[in-house]
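Structure assessment
One-letter residues, chain by chain:
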Amino acid sequence: MHFILRLSAFTGLILSGAIFGFFYAWVCSTMWGLDTADPKVAIAAMQAMNASVRNAVFAPAFFGTPLALFLTAVLAFKAGRRDAVWPFAAAGVIYLFGGMLLTMLVNVPMSETLALVQIPADPGEAARIWQDYSPRWQLWNQTRTLVSGITLCLAGYGMLRLGPGRGPVPA
């Protein structure tokens, strides 16, 4: 049980870090770069990136993070590691709602709408489309990035609460 608990905790930590890093990269480089590009190029690039993101490399971090965190909370509970239960459970809940569901309910629909856009020949119309999309999409991406960062911190704290030994961590 000890090995499986540690493996689950480590998996939850790695997946939390991966999804935080994914969202963070959009914040600090991708969207800033697209905002400085010609709006026609930005729209086309965003359409291409959104079309490519649903893949087997992205899926484990996006969908697996809450599963690994919840599994770790259950395993920690069964192992009597009560101090580690709440950080993993809280991390799972926070990411599930503020990362995964936010993405599915806000960012994905926005990106699906953008995918239907025919890039206009008129530069002013392209600029208007991009300006209507980018700031709002970035706000919600920054929100899910913050949430994913909190998730990562909680998973790390949960790892610390597991401690180096096999018994319960003293309070």
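Before reading further, recall that the structure is shown in the block above.
Let us look at the structure shown here.

Conventions used here
Residues numbered from 1 in each chain as written. Predicted model: local features only at pLDDT ≥ 70, side-chain atom pairs only at ≥ 80, totals over all residues. Heavy atoms only, no water. Axes fitted to C-alpha atoms, helices over the stretch in contact; angles between N-to-C directions. Helix = DSSP H or I, 4+ residues; strand = E, 2+ residues; numbered from the N terminus. Left-handed = near helix turned anticlockwise from the far one by under 90°. Contact = heavy atoms within 4.5 Å. Parallel < 35°, antiparallel > 145°, perpendicular 65-115°, else oblique. Nonpolar A, V, L, I, M, F, W, Y, C, P; charged D, E, K, R; others polar. Buried < 20%, exposed > 50% of the residue type's maximum accessible area, 1.4 Å probe, protein only. Phe/Tyr/Trp six-rings, centres within 6.5 Å; stacked < 30°, edge-to-face > 60°. Patch = residues over 30% accessible without salt bridge, like charges linked within 9 Å, V, L, I, M, F, W, Y side chains within 5 Å. Areas by Shrake-Rupley, 256 points an atom, 1.4 Å probe, with all protein chains shown as cover. Salt bridge = Lys/Arg side-chain N within 4 Å of Asp/Glu carboxyl O.

**Overview of the packing of helix 1 (residues 2–36) against helix 3 (residues 58–78)**
Interhelical geometry of helix 1 versus helix 3 gives an angle of 145 degrees and a closest axis separation of 8 Å. In terms of crossing hand, the pair formed by helix 1 and helix 3 is left-handed. Facing Ile-4, Leu-5, Ser-8, Ala-9, Thr-11, Gly-12, Leu-15, Ser-16, Ala-18, Ile-19, Phe-22 and Phe-23 of helix 1, the residues of helix 3 in contact are Phe-58, Pro-60, Ala-61, Phe-62, Gly-64, Thr-65, Ala-68, Leu-69, Leu-71, Thr-72, Leu-75 and Ala-76.

**Quick look at the packing of helix 2 (residues 39–52) against helix 5 (residues 123–162)**
Taken N-terminus to C-terminus, the directions of helix 2 and helix 5 make an angle of 50 degrees; their axes are 8 Å apart at the nearest point. Classified by the angle their axes make, helix 2 and helix 5 are oblique. For the pair helix 2 and helix 5, the sense of crossing is left-handed. When helix 2 is examined against helix 5, the residues Pro-39, Lys-40, Ala-42, Ile-43, Met-46 and Asn-50 are found in contact with a partner set consisting of Pro-123, Ala-126, Ala-127, Ile-129, Trp-130, Tyr-133 and Trp-137. Taken together, the residues that form the contact of helix 2 with helix 5 break down as eleven nonpolar, one polar and one charged.

**Regarding the environment of Ile-4**
Relative to the elements of secondary structure, Ile-4 occurs in helix 1. Residue Ile-4 is classed as partly exposed on the basis of its relative accessible area of 48%. For the pair Ile-4 and Trp-32, spaced 28 residues apart in the sequence, the C-alpha separation amounts to 41 Å.

**Brief notes about the side chain of Ser-16**
Here Ser-16 lies in helix 1. Of the residues examined, Ser-16 reaches a relative accessible area of 0% and is grouped as buried. Setting aside chain neighbours within four positions, we find Ser-16 in contact with Thr-65, Leu-69, Ser-148, Thr-151, Leu-152 and Ala-155.

**Overview of the packing of aromatic side chains**
Going through the model one piece at a time under the given rule, you end up with eleven aromatic pairs. Both rings, one in Phe-20 and one in Tyr-24, keep their centres 5.6 Å apart while their planes meet at 20 degrees; by these two values the pair is stacked. Of this pair, Phe-20 and Tyr-24 both sit in helix 1, four residues apart, which is roughly one turn of the helix. When its relative accessible area of 24% is taken as the criterion, Phe-20 is described as partly exposed. Look at Phe-62 and Tyr-95: their rings are 6.5 Å apart centre to centre, the planes differ by 85 degrees, and that puts the pair in the edge-to-face class. Residue Phe-62 is found in helix 3, and its partner Tyr-95 is found in helix 4 (residues 82–115); the two are separated by 33 residues along the sequence. Exposure remark for Phe-62: the relative accessible area of 4% places this residue in the buried category. For Tyr-95, a relative accessible area of 0% translates into the label buried.

**Examining a nonpolar patch on the surface**
A surface patch of nonpolar side chains, amounting to about 330 Å² of accessible area, comprises Phe-3, Ile-4 and Leu-7. Relative to the elements of secondary structure, Phe-3 occurs in helix 1.

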